[in-house]
Amino acid sequence: MGDQAAPAKHQMTEPLPAAARADVDALFESGELFRYGVEGDSPVTRLERTFAEAVGAPFALAVNSCSSALFLSLKALGLEPGARVIIPAFTFAAVPSAVIHADCVPVLVETGPDLRLDLDDFTRKFDDSIDAVLISHMRGHISDMDAIKAACDARGVPLIEDAAHALGATWRGRQSGLVGRVGCFSFQSHKLLNAGEGGILVTADEDIIAQTILLSGAYEHNWTKHPVVSDRFAYWQNRLPHYNMRMNNLSAAVVLPQVAEIPRRVAEGRARYGQVAAILSRAPWFDVPRALPHEHRAPDSIQFGLVGFEHDDQVRDFIARAAARGVKLDVFGLSADNARAFWNWKFLPEQAELPKTRALLMRSCDLRLPPRMNAEELDVLGDVIVAAAAEVMAGR
Ligand SMILES: *Cc1c(COP(=O)(O)O)cnc(C)c1O
């Protein structure tokens, strides 16, 4: 009796900060989970203010997922149905899904060997038919935002950043997600901040914040409860549909005290990554992508390419040998129905072939580095991966 199972060492999440309990208890007392049901600042409003300050953005809107944040951002751009939106071919299925949800057509661009947008293919596909660009910092790898922003500005095309997995990662010293007109983040449990489900968008654009607040479901005059002063609300009043993608107070109360933990979580993630990257980099069989000059990453996982593995069977053998020693590796292109492999997005209106991205995903490994893993375990993890590759390559 009373025996609690010890938390699994390798589970993906940290405990929630005890500081969340005061707000959560108050919500139990009041029962008011609706963000607009509260007099004064609700936990959702406080989260928006705290998050905006932490990342250095003028405005923030918390919603029920990053997917919703991406959808609302696209809607606020006023794109016509059928508008063409560039996205990277290496991203999570949520990204093309949000584009389709917004009645737009995703145009997939190849990924380079460093897991970032292939700028040649980007330039080739960025013709007059393109109405918006949505860049996903997949697994926290930031593409060359200087080049992407310059190309968008030159054509007067809006840029949205999916920074769902890049909180704490910076470009030129600023939080990622602040280069584009809108930046979107996720609070899904396996991201840096954990609300179970949730997301937030940030922007410096008064028109975008006014529209997204109304679109998210601030019906009637609930927008007056946002600390945003803009005549754009009066303009958009009653002209936009309400999609009801609001965040509730309980999710906000849980995530609010985690914002102060961003620097610690980022520092620890970088240390875990550095340790495993160093072990893998000493072996000849792995290519660990390097950060771009203006990028400072905030990794919670490691991705690496397999070098000299000519056949898929060798890769499968490698995965099996690592698994036999307790290390579960994913190769994006080899696990069945992987949501990050573009050929599994059968819901797309246009199926494109992207040979570079396909080849990359067939040889790119993905491995979580969970916060609860200590230095000793991380060493073992790295050694197991090296040993598994050594065995496969010895039997070549
Ligand atoms: C998690 C994630 C999303 C989706 O976030 P949700 O909050 O689950 O909608 C989108 N893009 C990337 C890169 C992600 O990692």
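What counts and how
Residues numbered from 1 in each chain as written. Predicted model: local features only at pLDDT ≥ 70, side-chain atom pairs only at ≥ 80, totals over all residues. Heavy atoms only, no water. Helix = DSSP H or I, 4+ residues; strand = E, 2+ residues; numbered from the N terminus. Rg over C-alpha atoms; globule rule 2.2 N^0.38 Å. Buried < 20%, exposed > 50% of the residue type's maximum accessible area, 1.4 Å probe, protein only. Contact = heavy atoms within 4.5 Å. Domains from an automatic or database assignment. Buried area = accessible area lost by both parts, 1.4 Å probe. Salt bridge = Lys/Arg side-chain N within 4 Å of Asp/Glu carboxyl O. Polar contact = N/O pair within 3.5 Å; in protein donor to acceptor, adjacent residues only side chain to side chain.

## What to know about the overall build of the protein
Here's step 1: Along its length, the protein carries 13 helices and 14 strands.
Here's step 2: Taking 2.2 N^0.38 as the reference for a compact globule, 396 residues should give roughly 21 Å; the C-alpha atoms of the protein span a radius of gyration of 22 Å, in line with that estimate.
Here's step 3: The buried share among the 396 residues of the protein stands at 55%.
Here's step 4: Long-range pairs, those at least 24 residues apart, make up 71% of the contacts in the protein with a sequence separation of at least 6.

## A word on the domain arrangement of the protein
Here's step 1: The domain boundaries assigned to the protein delineate domain 1 (20–261) and domain 2 (262–394).
Here's step 2: Just the C-alpha atoms count here: the centres of domain 1 and domain 2 sit 27 Å apart.
Here's step 3: Across the boundary between the two partners, domain 1 contributes 45 residues, which contact 36 residues of domain 2.
Here's step 4: Taken over both partners, the interface formed by domain 1 and domain 2 buries close to 3,600 Å², and the fraction arising from carbon and sulfur atoms is 58%.
Here's step 5: Among the residues of domain 1 in contact with domain 2, Glu110, Arg139 and Glu261 are the three that bury the most area, contributing 19% of the side total.
Here's step 6: Taken together, domain 1 and domain 2 are joined by six salt bridges.
Here's step 7: For Asp118, the salt bridge goes to Lys356, with nearest N and O atoms at 2.9 Å.
Here's step 8: For the pair domain 1 and domain 2, the interface holds 25 residue pairs in polar contact (both at pLDDT 80 or more).
Here's step 9: Mapped by element, the contributors of at least two residues to the side of domain 1 that touches domain 2 are α4 (94–101), β3 (105–109), α5 (119–125) and β6 (170–171).

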